[in-house]
Amino acid sequence: MSSSDKSLLFIFQLFYSFFKSLVGKDVVVELKNDLSICGTLHSVDQFLNIKLTDITVTDPDKYPHMLSVKNCFIRGSVVRYVQLPADECDTQLLQDATRKEAAQNRQR
């Protein structure tokens, strides 16, 4: 496994661990097709697939077919952004992990 593959794996593991710590919190997931879904994070897996409960869409006029949907599974590859509650984000932890990874890459 090359060093770039290891770095990518580390980043995915970092995000996976981070998102697991947010289970039960309200998030907004913006998809690559511009659909934004608000809901409670129910679960996340190692592929960063996301399951949301109690969902609403931010633009119900544009996506009326989503009004009857209460829970959804979102494939990780279609996610553009995940908006997190500011008071739930441990930015210090993320910054420390990023610095640690950058230092390890410089040593290689």
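A brief structural summary. Just so it is clear, the model here is predicted, and its values are computed rather than measured. (Residues numbered from 1 in each chain as written. Predicted model: local features only at pLDDT ≥ 70, side-chain atom pairs only at ≥ 80, totals over all residues. Heavy atoms only, no water.)

1. Overview of the pairing of strand β4 (residues 71-74)
Each regular strand carries side chains that alternate between the two faces of the sheet. As a reminder, the rule being used: When accessible area is computed with a 1.4 Å probe and restricted to protein chains, residues below 20% of their type maximum are described as buried, those above 50% as exposed, and intermediate ones as partly exposed. Working definition: helices are DSSP H or I runs of at least four residues, strands are E runs of at least two. Numbering for both runs from the N terminus. Strand pairing follows a simple DSSP-based rule, namely that at least 2 bridges must link the two strands.
Side chains of β4 alternate between two faces, with Cys-72 and Ile-74 buried and Asn-71 and Phe-73 left unburied. Pairing of strand β3 (residues 50-57) with β4 involves four bridges; the strand directions are antiparallel. Across the sheet, the residue bridging to Lys-51 is Phe-73, located in β4.

2. As for the pattern of salt bridges
Selection rule: Think of a salt bridge as a Lys or Arg side-chain nitrogen and an Asp or Glu carboxyl oxygen that are within 4 Å of each other.
Under the definition given, this model contains two salt bridges. Its salt-bridge partner being Arg-80, residue Glu-30 comes within 2.7 Å of it at the nearest N-O pair. A residue pair is termed long-range when its members are at least 10 positions apart, and Glu-30 in strand β1 (residues 26-31) and Arg-80 in strand β5 (residues 79-83) qualify at 50 residues. Overall, the relative accessible area of 34% leaves Arg-80 in the partly exposed class. Salt bridges sharing partners connect three or more residues here, namely Glu-30, Asp-34 and Arg-80.

3. Describing the sheet that holds strand β2 (residues 36-44)
Threshold: Orientation is described by lines fitted to C-alpha atoms, with helices fitted over the stretch in contact, and by angles between N-to-C directions that extend from 0 to 180 degrees.
Strand order across the open sheet formed by five strands is β4-β3-β2-β1-β5, with antiparallel pairing between neighbours. Both outer strands of the open sheet, β4 and β5, are each paired with one neighbouring strand and no more. Here the strands of the sheet are splayed against their neighbours by 40° on average, with no regard to which way each runs. Looking at chain direction, β1 and β5 are connected through four bridges and run antiparallel.

4. Digging into unusual backbone geometry
Peptide bonds are trans in most cases, and residues, glycine excluded, mostly fall at negative phi. Phi at Asp-34 takes a positive value of approximately 75°, unusual for a residue other than glycine. Position of Asp-34 among the secondary structure elements: in the loop between β1 and β2. With relative accessibility at 45%, the residue Asp-34 sits in the partly exposed group. Unusually for a residue other than glycine, Leu-48 sits at a positive phi of about 65°. Relative to the assigned elements, Leu-48 resides in the loop between β2 and β3.

Function-wise, these values are silent; they only describe arrangement.
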